[in-house]
Every structure is written in C-alpha cells, then in structure tokens.
Amino acid sequence: MFENEADPATVSAAIEGALAAKSSWESMPWQDRVAIFLKAADLVSGKYRYKLMAATMLGQARQRWRTHW
C-alpha cells in the first residue's frame, strides 16, 4: 500500500503504533538501538540489496545503474 492509498483508519493505526513503540524505543539502551540499525544496514547492503534495487526501479522509474544512489 502506498501512503496516498491509505484510508484514515490505516493512518491512525500507524500513528498509534508508532507512539506506542516510542517509549520502549527511547528506554532501550543506545547500544541496542545501534545494533538494530547496524543489522538493518547489513541486510540492506547484502541479502536484500537487489530486492531493494528492483523496488527502487519500479517505484521511482529509475534506470538500473542509478538504483544504488
């Protein structure tokens, strides 16, 4: 679903979910938060790199050689 296709209930649910997670995220030690971002960076640069590049090409109408930007 794209953000322009979300109905008000979906938007409200997303906001409520983010606000509910905010306090637990803020109370998490910074080392754990860093570990989450490092894991995400590892997955994006490795296992899921080509899937993300394909999604970029489809979603933004970019050429293959420009998807790494």
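Keep in mind the model is a prediction, meaning the values are calculated, not measured.

Enquirer: Looking at this structure, how should I read the environment of Ile 36?
Expert: Within the secondary structure layout, Ile 36 lies in helix H2 (residues 30–45). Excluding residues within four positions of it along the chain, Ile 36 makes contact with Trp 25 and Met 28.

Enquirer: Help me out: how do you make sense of the pattern of salt bridges in this one?
Expert: Two side chains bearing opposite charge may form a pair once their charged atoms approach each other closely. For the coordinates displayed, the defined rule picks out one salt bridge. Between Glu 26 and Lys 22 there is a salt bridge, with its nearest N and O atoms 3.2 Å apart. Pair noted here: Glu 26 and Lys 22 are both in helix H1 (residues 8–27), with a separation of four residues, about one helical turn. The exposure class assigned to Glu 26 is partly exposed, which follows from its relative accessible area of 48%. You can call Lys 22 partly exposed: its relative accessible area is 45%.

Enquirer: Any chance you could explain H1 here in plain terms?
Expert: Structurally, the α-helix is built with 3.6 residues per turn, so residues lying three or four positions apart point the same way. In this model, H1 (20 residues) spans 30 Å end to end at C-alpha, consistent with the 28 Å of a helix rising 1.5 Å per residue. Maximum bend of H1: about 30 degrees, positioned at Ala 21.

Enquirer: Looking at this model, I keep getting lost on a nonpolar patch on the surface. Mind explaining?
Expert: There is a patch of nonpolar side chains on the surface, built from Val 11, Ile 15 and Leu 19 and spanning about 280 Å² of accessible area. With respect to the helices, strands and loops of the structure, Leu 19 is situated in helix H1.

Basis of the calculations
Residues numbered from 1 in each chain as written. Predicted model: local features only at pLDDT ≥ 70, side-chain atom pairs only at ≥ 80, totals over all residues. Heavy atoms only, no water. Helix = DSSP H or I, 4+ residues; strand = E, 2+ residues; numbered from the N terminus. Contact = heavy atoms within 4.5 Å. Salt bridge = Lys/Arg side-chain N within 4 Å of Asp/Glu carboxyl O. Buried < 20%, exposed > 50% of the residue type's maximum accessible area, 1.4 Å probe, protein only. Expected span 1.5 Å × (residues − 1). Bend = angle between axes of the 7 residues up to and from the residue. Patch = residues over 30% accessible without salt bridge, like charges linked within 9 Å, V, L, I, M, F, W, Y side chains within 5 Å. Areas by Shrake-Rupley, 256 points an atom, 1.4 Å probe, with all protein chains shown as cover.

What is shown is where atoms sit, not what they do.
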